Amino acid sequence: MQASRARLFKEYKEVHKEKAVDPDIQLVCDDSNIYKWTALIKGPSETPYEGGVFQLAFSIPEQYPLLPPQVRFLTKIFHPNVHFKTGEICLDILKNAWSPAWTLQSVCRAIIALMAHPEPDSPLNCDSGNLLRSGDVRGYRSMARMYTRLAAMPKKG
């Protein structure tokens with residue numbers, strides 16, 4: 001437990017140093033629990049998520065960094081690798097391809113990359129995956145854009 005705490009404090013310091021370096025990611029540690037973090041990530045440009053800001057919840061095990069954090073979207077997102085109701089993310093580095101070299105910041109980067117390059121062959125959202133697998137990229141982009149507007153963009157007025 002001490003090792004995970006030390007690692008998380010180190011990452012906390014790094015995040016505060018890098019705030020200006022990576023404007024697409026804002027990682028915040030819970031004031032009362034170092035094992036709970038949230039992140040705001042910007043939707044990647046030239047994707048249906050562009051202009052959206054998506055909130056992620058991190059739950060970090062006491063065995064971190066030997067075990068990966070649990071990460072899920074709190075913001076609704078229409079994406080083949082994200083469960084629409086729970087926000088669970090299907091990403092290999094959060095499961096069997098985890099390495100202690102990954103940080104919370106680099107996990108956010110990987111999630112942004114996944115947003116830009118969905119993997120429709122291992123869908124958690126079958127509707128989204130089926131649109132892409134059947135070649136209906138326009139339909140997928142249209143749905144993803146609609147949900148981005150509804151859930152991830154600031155309301156005007």
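One structure accompanies this document, and this report is about it. Note that the coordinates shown come from a computational prediction; the quantities given were computed from them, not determined experimentally.

Observations concerning helix α3 (residues 126-133)
So, point 1. For α3, the full list of buried residues reads S128, G129 and L132. Angular distribution of buried residues about the axis of α3 spans 95°; they occupy a single face of the element.
So, point 2. The inward-facing, buried residues of α3 abut α4 (137-151).
So, point 3. A distance of 3.2 Å separates the backbone nitrogen of D127 from a side-chain oxygen at the start of α3, and that oxygen is part of N125.

What about the side chain of T47?
So, point 1. Relative to the elements of secondary structure, T47 occurs in the loop between β2 (33-42) and β3 (53-59).
So, point 2. A distance of 2.6 Å separates the side chain of T47 from the backbone oxygen of P44, its partner in a polar contact.
So, point 3. Sequence-distant contacts of T47, that is, excluding residues within four places in its chain, are made with A116 and R141.

Considering the nonpolar core
So, point 1. W37, I41, L56, F58, F73 and I89 are the most contacted members of the largest nonpolar core, which has 38 residues in total.
So, point 2. For this core, the secondary structure elements donating two or more residues are α1 (2-18), β1 (25-30), β2, β3, β4 (70-73), α2 (104-116) and α4.
So, point 3. Ignoring any residue separated from it by four or fewer positions in sequence, one finds L56 in contact with W37, T38, A39, I41, V71, R72, F73, L74, I89, C108 and I111.

The rules behind these values
- Residues numbered from 1 in each chain as written.
- Predicted model: local features only at pLDDT ≥ 70, side-chain atom pairs only at ≥ 80, totals over all residues.
- Heavy atoms only, no water.
- Buried < 20%, exposed > 50% of the residue type's maximum accessible area, 1.4 Å probe, protein only.
- Helix = DSSP H or I, 4+ residues; strand = E, 2+ residues; numbered from the N terminus.
- Arc of directions from axis to C-beta.
- Contact = heavy atoms within 4.5 Å.
- Polar contact = N/O pair within 3.5 Å; in protein donor to acceptor, adjacent residues only side chain to side chain.
- Core = buried A, V, L, I, M, F, W, Y, C linked by side-chain atoms within 4.5 Å.

These values are about where atoms sit, not about what they do.
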